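# Observations on the model geometry
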Amino acid sequence: STSYYISASHCEGLCLPLMEYLSCGKPAITPSHTAMADYIDERVAFTVEAAMENNVWPHDPREKFQTSCYRINWESLMSACRESYRVAKEDPARYSELSNTAIERMRAYSSIGSVRDRLRKFLRKGPGRAGFGAAAGFPLVAHVHPAPRGQKARVIAVMGIREAQDTAPVQG
């Protein structure tokens with residue numbers, strides 16, 4: 001069994017493995033950049049310092065497509081690993097606090113109910129309004145799951161947000 005999830009990522013989307021570990025009450029040793037900044041802080045993780053640097057897109061031989069990534073501060077990573085080890089061995093109350101906060105953070109951030117509520121709020125804005133779909137610069141992609149006879153169909157993915165177990169239709 002592991003005590004922590006460690007990530008030394010240079011850039012990341014939501015980092016689903018990290019979210020799964022946090023959901024199971026495993027604190028993290030990770031930077032708080034890119035999309036991870038939405039849910040990582042000192043209450044759920046030993047945060048690692050990282051500095052933004054310019055880069056080119058990895059598969060562009062002409063090096064025309066510019067991007068950025070984060071360089072991990074290795075001293076900060078080593079320090080976070082040492083402190084996490086100390087907490088795991090000598091401070092069970094602190095570890096328990098990190099663990100419980102991680103579970104609650106993920107429940108608030110990514111549970112079906114939480115995502116459904118944010119998605120409904122987003123969809124209520126309606127097409128053509130600021131903050132909605134193409135008007136906000138996002139393509140709106142939906143997949144409707146056909147329902148058995150006598151039941152309502154349900155939206156199971158909108159813009160990559162999955163509601164795999166929710167049978168309530170999204171109300172616009």
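A brief structural summary. On a predicted model such as this, the values are computed, not experimentally measured, just so you know.

### Here's the deal with the overall build of the protein chain
Tallying secondary structure elements over the protein chain gives four helices and eight strands in all. Helices and strands appear in the protein chain in the N-to-C order β-α-β-β-β-β-α-α-α-β-β-β. Residue burial in the protein chain is summarised as follows: out of 172 residues, 33% are buried. Residue pairs at least 24 apart in sequence account for 42% of intrachain contacts in the protein chain once pairs closer than 6 positions are excluded.

### A look at the sheet that holds strand E3 (residues 45-48)
Taken together, the three strands give an open sheet; going across it, the order is E1-E2-E3, and neighbouring strands pair in parallel fashion. Edge positions in the sheet fall to strand E1 (5-6) and E3, since each has one partner strand and no second. Sheet analysis places E1 next to strand E2 (residues 28-31), joined by two bridges and oriented parallel. In the strand pairing of E2, Ile 6 is matched with Ile 29. Seen against the sheet, helix H2 (residues 74-90) touches E1, E2 and E3 and runs at an angle of roughly 165° to E3.

### With respect to the nonpolar core
Leu 18, Leu 22, Tyr 39 and Ile 40 are the most contacted members of the largest nonpolar core, which totals 14 residues. At the level of elements, helix H1 (16-23) and helix H3 (92-110) are the ones that each hand at least two residues to this core. With residues near it in sequence (within four places) discarded, Leu 22 still touches Pro 27, Ala 28, Tyr 39, Ile 40, Val 44, Ala 102, Ile 103 and Met 106. With 10 residues, the next largest nonpolar core counts Phe 46, Ile 72, Leu 77 and Leu 98 among its residues.

### Let's talk about unusual backbone geometry
Excluding glycine, residues mostly have negative phi values, and the peptide bonds linking residues are mostly trans. Residues other than glycine seldom take positive phi values, yet Cys 15 does so here, at roughly 60°. Along the chain, Cys 15 falls in the loop between E1 and H1. Under the relative-accessibility criterion, Cys 15 is labelled buried at 7%.

### Some remarks on the packing of aromatic side chains
Under the definition given, this model contains four aromatic pairs. Relative to Phe 46, the ring of Tyr 4 lies with its centre 5.6 Å away and its plane at 75°, an arrangement referred to as edge-to-face. In this pair, Tyr 4 sits in the segment before E1 while Phe 46 sits in strand E3, placing the two residues 42 residues apart along the sequence. Residue Tyr 4 is classed as buried on the basis of its relative accessible area of 11%. Owing to a relative accessible area of 10%, Phe 46 belongs among the buried residues under this scheme.

### Regarding helix H4 (residues 112-124)
For H4, built from 13 residues, the straight-helix expectation of 18 Å at 1.5 Å per residue is met to within 8% by its first-to-last C-alpha distance of 18 Å. Listed as buried for H4 are Ser 114, Val 115, Leu 119, Arg 120, Phe 122 and Leu 123.

### Thoughts on the packing of H1 against H3
Two packed helices can be described by the angle between their axes and the distance between those axes. Taken N-terminus to C-terminus, the directions of H1 and H3 make an angle of 125°; their axes are 7 Å apart at the nearest point. Here H1 is positioned oblique relative to H3, judged by the angle of their axes. Seen from H1, the contacting residues are Met 19, Leu 22 and Ser 23; seen from H3, they are Ala 102, Ile 103, Met 106, Tyr 109 and Ser 110. Grouping the amino acids of the contact of H1 with H3 by side-chain chemistry returns six nonpolar, two polar and no charged.

Rules used throughout
- Residue positions are given per chain, counting from 1 as you read along its sequence in written order.
- Predicted model: local features are reported for residues with pLDDT of at least 70 only, side-chain atom pairs are reported and counted for 80 or more only, and whole-chain, interface and lining totals are derived from all residues.
- Computation of side-chain values: all heavy atoms of the structure, hydrogens and water removed.
- Numbering goes from the N terminus for both helices and strands, where a helix is a DSSP run of H or I of at least four residues and a strand is a run of E of at least two.
- Relative accessible area decides the class of each residue, using a 1.4 Å probe on protein chains only: under 20% of the type maximum gives buried, over 50% gives exposed, and in between gives partly exposed.
- Residue contacts follow a heavy-atom distance rule, with two residues in contact if any of their heavy atoms lie within 4.5 Å.
- At least two bridges found by DSSP between two strands are what make those strands a pair.
- The axes used here are C-alpha line fits, helices contributing only the stretch in contact, and every angle between their N-to-C directions lies in the interval 0 to 180 degrees.
- We call a set of buried residues a nonpolar core when its members are Ala, Val, Leu, Ile, Met, Phe, Trp, Tyr or Cys and they connect through side-chain atoms within 4.5 Å of each other.
- Any two of the Phe, Tyr and Trp rings considered here, Trp counted by its six-membered ring, make a pair once their centres fall within 6.5 Å; the pair's planes then place it as stacked at under 30 degrees, edge-to-face at over 60, or tilted in between.
- By definition here, a helix of n residues has an expected span of 1.5 Å times n minus one.
- Small angles under 35 degrees read as roughly parallel and large ones over 145 as roughly antiparallel, with 65 to 115 read as roughly perpendicular and the rest as oblique.
- We call Asp, Glu, Lys and Arg charged. Ala, Val, Leu, Ile, Met, Phe, Trp, Tyr, Cys and Pro are nonpolar, and the rest, Gly among them, are polar.

That's the geometry; what it means functionally is another story.
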